[in-house]
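# Topology and contacts: notes
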Protein chains: 2
Amino acid sequence: MAKRQYELGTAELQILRVLWSAGPCTVRDVLERLHEQGRKLAYTTVQTFLTRLEQKGFVQSDKTGLAYVFEATLSRTRLRKSRVKSLVSQLYDGAAAPLVLQLIRSEQFTKDEIQKLHALIDELDQTETDSDS
Amino acid sequence: MAKRQYELGTAELQILRVLWSAGPCTVRDVLERLHEQGRKLAYTTVQTFLTRLEQKGFVQSDKTGLAYVFEATLSRTRLRKSRVKSLVSQLYDGAAAPLVLQLIRSEQFTKDEIQKLHALIDELDQTETDSDS
DNA sequence: CCGCTTCTCCTACAACTGTCGGAGGTATCC
DNA sequence: GGATACCTCCGACAGTTGTAGGAGAAGCGG
């Protein structure tokens with residue numbers, strides 16, 4: 001009885017990312033994308049990852065033509081949420097605000113992004129004030 | 001030639017977190033903290049983690065009294081930065097703004113936090129406008 | 001001094017992850 | 001129809017992580 005909870009390794013995540021950006025892929029498609037990115041892996045390595053991802057329930061496959069076509073079932077949005085949640089709980093004591101502050105302080109944003117942020121914050125401010133009175 | 005880059009497992013991170021919150025600790029200190037948190041581990045398990053963390057360079061130990069005292073050398077701030085960086089690069093294509101937006105949209109903040117955010121954004125807005133003109 | 005508690009050191013082991021090779025099927029191209 | 005090119009399936013292996021037990025040193029209460 002050691003580990004039981006399936007996680008995503010970084011290499012597996014890289015495969016998933018290909019599926020997100022390229023849509024349904026065969027093993028070879030994924031392999032080629034990875035090669036384009038400078039990531040050299042053997043064909044069977046990619047195949048292993050895809051199989052394991054399927055076992056973990058993060059992708060699904062269909063054999064319509066000659067080869068299996070794999071597609072992500074775990075969406076990037078879902079993974080984002082889950083990763084952010086565990087980041088916040090593990091390193092920020094569950095409080096998201098310090099993370100937001102850190103991000104804003106340390107990252108460069110474009111004017112557009114700042115605009116959006118501004119709008120959002122104003123909105124927050126508004127609702128908060130409302131609900132408070 | 002498989003993996004080479006040392007990472008922090010979640011269990012190891014939990015140990016580190018104890019060190020951050022409690023300061024320098026012996027194996028037993030850590031064990032007790034974990035027990036208080038409802039985390040049941042054997043004494044030697046904790047010891048193994050501490051040893052491994054030391055090998056990875058994330059903690060250091062001194063034997064001043066009877067037992068070794070372990071102290072984190074990796075700060076929470078540093079780890080936060082590194083984790084956030086890899087989160088952003090792996091799941092947000094390197095752009096922090098969408099993460100900020102996501103956080104703001106999905107999290108509840110206190111008035112104080114909103115205040116701070118507001119101030120910060122205003123500041124950003126300012127500098128951005130300045131440097132732009 | 002003797003046993004009990006506590007520490008350290010070493011070893012172990014199962015599950016998970018990264019990485020691949022070989023065996024064997026099928027389609028394809030002269 | 002045999003060589004060529006792919007594809008799938010299965011097994012393998014080393015390194016990492018989670019978890020712990022046993023052997024042996026060292027201090028403490030009686």
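Note that the coordinates shown come from a computational prediction; the quantities given were computed from them, not determined experimentally.

Rules behind the numbers
Residues numbered from 1 in each chain as written. Chains lettered and ligands numbered in written order. Predicted model: local features only at pLDDT ≥ 70, side-chain atom pairs only at ≥ 80, totals over all residues. Heavy atoms only, no water. Helix = DSSP H or I, 4+ residues; strand = E, 2+ residues; numbered from the N terminus. Rg over C-alpha atoms; globule rule 2.2 N^0.38 Å. Buried < 20%, exposed > 50% of the residue type's maximum accessible area, 1.4 Å probe, protein only. Contact = heavy atoms within 4.5 Å. Areas by Shrake-Rupley, 256 points an atom, 1.4 Å probe, with all protein chains shown as cover. Buried area = accessible area lost by both parts, 1.4 Å probe. Salt bridge = Lys/Arg side-chain N within 4 Å of Asp/Glu carboxyl O. Polar contact = N/O pair within 3.5 Å; in protein donor to acceptor, adjacent residues only side chain to side chain. Near = heavy atom within 4 Å. Phe/Tyr/Trp six-rings, centres within 6.5 Å; stacked < 30°, edge-to-face > 60°. Least-squares fit on C-alpha atoms with pLDDT ≥ 70 in both. Domains from an automatic or database assignment.

A separate point is the overall build of chain A. Within chain A one finds 6 helices and 2 strands. Written out in order from the N terminus, the α and β elements of chain A read α-α-α-β-β-α-α-α. Against the globule reference of 14 Å for 133 residues, chain A gives a C-alpha radius of gyration of 20 Å, more extended than a compact globule. Seen along its three principal axes, the alpha-carbon backbone of chain A occupies a region of about 65 × 45 × 30 Å. Each of the 133 residues in chain A was classed as buried or not, and the buried ones make up 36%. When contacts within chain A are restricted to residue pairs at least 6 apart in sequence, long-range pairs at least 24 apart make up 42% of them. A total of about 8200 Å² of accessible surface is found on chain A, and carbon and sulfur atoms cover 46% of it.

A few words now on the interface of chain B and chain A. Between chain B and chain A, the contact holds 40 residues from the first and 40 residues from the second. Here chain B packs against chain A, burying approximately 4300 Å² in sum over the two surfaces, 71% of which is carbon and sulfur. The largest share of the area that chain B buries against chain A comes from Arg80, Gln90 and Leu91 of chain B, three residues that together contribute 15% of it. The interface formed by chain B and chain A contains 2 salt bridges. Put simply, chain B and chain A have 8 residue pairs in polar contact (both at pLDDT 80 or more) between them. Secondary-structure elements contributing two or more residues to the side of chain B that touches chain A are α1 (10-22), α4 (76-91), α5 (96-106) and α6 (111-132) of chain B.

Next up on the list: the protein's contact with DNA strand D. Taken together, 25 residues are adjacent to DNA strand D, and Arg28 and Tyr68 of chain A together with Thr48, Arg52 and Lys56 of chain B come closest. Take the atoms of DNA strand D that sit within 4 Å of the protein: sugar and phosphate atoms are 62% of them. Here arginine 39 of chain B contributes a side-chain N or O atom positioned 2.9 Å from a phosphate oxygen of DNA strand D. Alanine 42 of chain B is positioned with one of its backbone polar atoms (N or O) 3.1 Å from a phosphate oxygen of DNA strand D. Where the surface near DNA strand D is concerned, the elements lending two or more residues are α3 (43-55) of chain A together with α1 and α3 (43-55) of chain B.

On to the packing of aromatic side chains, then. All names here are of chain A. Evaluation of the coordinates by the stated rule reveals 2 aromatic pairs over all chains. When the ring of tyrosine 68 is compared with that of phenylalanine 70, the centres are 6.4 Å apart and the planes differ by 45°; the resulting orientation is tilted. Overall, tyrosine 68 belongs to the partly exposed group, its relative accessible area being 42%.

Looking now at the pattern of salt bridges. Inspection of every chain in the model, using the stated rule, returns 4 salt bridges over all chains. Ionic pairing is found between glutamate 12 of chain A and lysine 56 of chain A, a salt bridge with its closest N-O pair at 2.9 Å. In this pair, glutamate 12 of chain A is assigned in helix α1 (residues 10-22) and lysine 56 of chain A in the loop between α3 and β1 (59-62), connecting sequence segments 44 residues apart. By relative accessible area, glutamate 12 of chain A is classed as buried at 6%. As a salt-bridge pair, arginine 76 of chain B and aspartate 93 of chain A come within 3.0 Å of each other at their nearest N and O atoms.

Superposition record for chain B on chain A: RMSD 0.1 Å, screw rotation 180°, translation along axis 0.0 Å. Here the transformation between the copies is reduced to the relation of a two-fold axis. When each C-alpha of chain B is compared by its distance to the rotation axis, valine 100 of chain B comes out closest, at 3.0 Å. Most of the interface of chain B is mirrored in chain A: 100% of its interface residues are interface residues there too.

Entries for chain A in the domain assignment read domain 1 (10-72) and domain 2 (76-132). Averaged C-alpha coordinates put domain 1 of chain A and domain 2 of chain A at centres separated by 32 Å.

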